[in-house]
Amino acid sequence: MKHLFCDVCKKEVIEPIPSRTFFQLREYDLCESCRDDLEAAVKYTVRDKKPFDFAWFDKLRIELVQDGVKKNKINVAKVSR
Ligand SMILES: [Zn+2]
């Protein structure tokens, strides 16, 4: 069986099921709890963003993930713009 590790918290995903127990975002694999953190972080930031811009949204998500990969967790409280 293929072993899959979350790129953010580096924990192994037991029984990886795409879109169920792990989530792919570009070249990154996220476990369920890191994905939840990412969604929460994005929600905080998106709330004040009008009009909504998908390119911006996509870039924001990747930046949050890349930051999370370095710090081993997604910073939910991040409200940088
Ligand atoms: Zn994780």
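What you are looking at is a predicted structure, and each value in this text was computed from that prediction instead of being measured. (Residues numbered from 1 in each chain as written. Predicted model: local features only at pLDDT ≥ 70, side-chain atom pairs only at ≥ 80, totals over all residues.)

**Remarks on helix 2 (residues 54–71)**
For helix 2, built from 18 residues, the straight-helix expectation of 26 Å at 1.5 Å per residue is met to within 8% by its first-to-last C-alpha distance of 26 Å. Looking only at helix 2, the buried set comprises L64, V65 and G68. Seen end-on, helix 2 carries its buried residues on one side only, within an arc spanning 95°. Structural note: helix 2 exposes A55, K59, E63 and K70 on the side pointing more than 90 degrees away from its buried face. The elements touched by buried residues of helix 2 are strand 3 (22–25), strand 4 (28–31) and helix 1 (32–46). Once helix 2 ends, the next one or two residues include N72, with phi positive near 65°. (Helix = DSSP H or I, 4+ residues; strand = E, 2+ residues; numbered from the N terminus. Expected span 1.5 Å × (residues − 1). Buried ≥ 20, exposed ≤ 12 C-beta atoms within 10 Å, placed from the backbone. Arc of directions from axis to C-beta. Contact = placed C-beta atoms within 7 Å.)

**Focus on the environment of L60**
Structurally, L60 can be placed in helix 2. Each C-alpha atom, one on L60 and one on Q24, is 15 Å from the other, the two residues being 36 residues apart in sequence. Discounting residues that sit within four places of it in the chain, L60 has contacts with V42 and T45.

**Quick word on the pairing of strand 3**
Looking at chain direction, strand 3 and strand 4 are connected through four bridges and run antiparallel. Note on strand 4: the bridge partner recorded for F22 is C31. Here strand 3 folds back onto strand 4, and the loop between the two strands holds two residues, one of which, R26, carries a positive phi near 50°. (Pairing = 2+ DSSP bridges.)

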